[in-house]
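Take a look at the letters that make up each chain.
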Amino acid sequence: MGKVGDQEGMFPRKFVKIVKNLPGWNLPTYPCAIAMFDFDGEAEDELTIRAGDEIRLLEKVGDEWLKGSLRDVEGIFPKNCVEILVELDDAYVARLATAARTDPHCIALHDFDGQSPDELSFTAGAVISLIDRVDSDWLRGSVDSQEGILPSAFVEIIIDIPEVSYATVQYDFVGQSDDELTVKAGDRITVLKQIDKSWLECMLDGKVGRCPLPFVVMEEAPPEETGGVVEVRLAFESLELIN
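Just so we're clear, the structure is a prediction, and the values are computed from it rather than from any experiment.

Chemist: Sorry if this is basic, but what is going on with the environment of Leu200 here?
Modeler: When you line up the elements, Leu200 lands in strand β15 (residues 199-204). If we skip the residues at most four places from it in the chain, Leu200 touches Val191, Lys193, Gln194, Ile195, Gly209, Arg210, Cys211, Leu213, Val216 and Met218.

Chemist: I'm lost on the pairing of strand β16 (residues 207-212) in this one. Help?
Modeler: Looking along a regular strand, one sees the side chains alternate between the two faces of the sheet. Across 6 bridges, the pairing between β15 and β16 is antiparallel. Counted as the bridge partner of Trp199 is Pro212 from β16. Linking two consecutive strands that pair antiparallel, namely β15 and β16, is a turn of 2 residues; a positive phi of about 55° is found at Asp205 within it.

Chemist: Help me out: how do you make sense of the nonpolar core in this one?
Modeler: Membership of the largest hydrophobic core comes to 15 residues, with the highest contact counts inside it found for Val183, Ile189, Leu200, Cys202 and Val216. Among the secondary structure elements, those contributing two or more residues to this core are β13 (165-169), β14 (188-194), β15 and β17 (216-219). Counting residues per element, this core draws most heavily on β15, which supplies 4 residues. The contacts of Val183, once residues within four sequence positions are left out, are Val169, Tyr171, Asp172, Phe173, Ile189, Leu204 and Cys211.

Chemist: Is there a simple way to explain the sheet that holds strand β7 (residues 82-86) in this structure?
Modeler: Within a beta sheet, neighbouring strands are joined by backbone hydrogen bonds and run either parallel or antiparallel to one another. Taken together, 5 strands build an open sheet; the order of strands is β6-β5-β4-β3-β7 and the sheet is antiparallel. The open sheet has two edge strands with one neighbour each: β6 (73-78) and β7. Each adjacent strand pair in this sheet contributes to an overall mean axis angle of 40°, direction not counted. Pairing of strand β3 (residues 32-35) with β7 involves 4 bridges; the strand directions are antiparallel. Bridged to Cys32 within β7 is Val86.

Chemist: Any chance you could explain the environment of Gly41 here in plain terms?
Modeler: Position of Gly41 relative to the elements: it lies in the loop between β3 and β4 (54-61). Residues in contact with Gly41, not counting those within four places in the same chain, are Glu46, Leu47 and Thr48.

Chemist: Help me understand the pattern of salt bridges in this model?
Modeler: Close approach of charged atoms allows side chains of opposite charge to pair. Per the stated rule, a full pass over the model turns up 8 salt bridges. The partner of Arg71 in a salt bridge is Asp53, with the nearest N and O atoms 3.6 Å apart. Of this pair, Arg71 sits in the loop between β5 (65-70) and β6 while Asp53 sits in the loop between β3 and β4, and the two are 18 residues apart along the sequence. The class of Asp53 is buried, set by a relative accessible area of 13%. Residues joined in a network through salt bridges with shared partners are Asp179, Glu180 and Arg210.

Scoring rules and cut-offs
- Residues numbered from 1 in each chain as written.
- Predicted model: local features only at pLDDT ≥ 70, side-chain atom pairs only at ≥ 80, totals over all residues.
- Heavy atoms only, no water.
- Helix = DSSP H or I, 4+ residues; strand = E, 2+ residues; numbered from the N terminus.
- Contact = heavy atoms within 4.5 Å.
- Pairing = 2+ DSSP bridges.
- Core = buried A, V, L, I, M, F, W, Y, C linked by side-chain atoms within 4.5 Å.
- Buried < 20%, exposed > 50% of the residue type's maximum accessible area, 1.4 Å probe, protein only.
- Axes fitted to C-alpha atoms, helices over the stretch in contact; angles between N-to-C directions.
- Salt bridge = Lys/Arg side-chain N within 4 Å of Asp/Glu carboxyl O.

Printed below as a string of structure tokens:
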């Protein structure tokens, strides 16, 4: 909204260069738009907006519609009714979609076409589950049932891979409940945390569960792996021991 001479009204922001902002107003850092025209939502999923409303953008719906939030109400509205102040990018949409996830994962910032069989290809905005770190520049992850390594510079890590230790199973253990991990003597397992004096939370072949502490021997340094994977040295003392 602005004024020239005796005339007052709205005008497209992209038609002007702001020399000095209004007091207390700065361009938002989140994706948003300003309504240029009124729109009365008729369907249940449509958002009613009024000219001048600032709408938080949530996602793109086809080429002609957007989904947004206004005064705690979400809905879709025509793209041609608003002027976008801050663009809605793929990474922001993906971040909203994964807000409830608690597992290690990242969001692709750029497309990446793997050049070798062990490299993972993905597109910008893809949500990638993280498996482990290869070195300071590469990660291992999976997306769309495909697993491989990926450059860390191409992604934004949302929840990082936790530091872990390793253990070798000394005796067979058959889990008696859904949260117990069945292991065999000689298995090398990943130790995620110590639950109490008697139990560890461990992972084997992608399965996570409890394993009895007396059945395993902790490794102070896992053996060096091949194929470009750097040696990981995480001591048992890094676990949070419960006395």
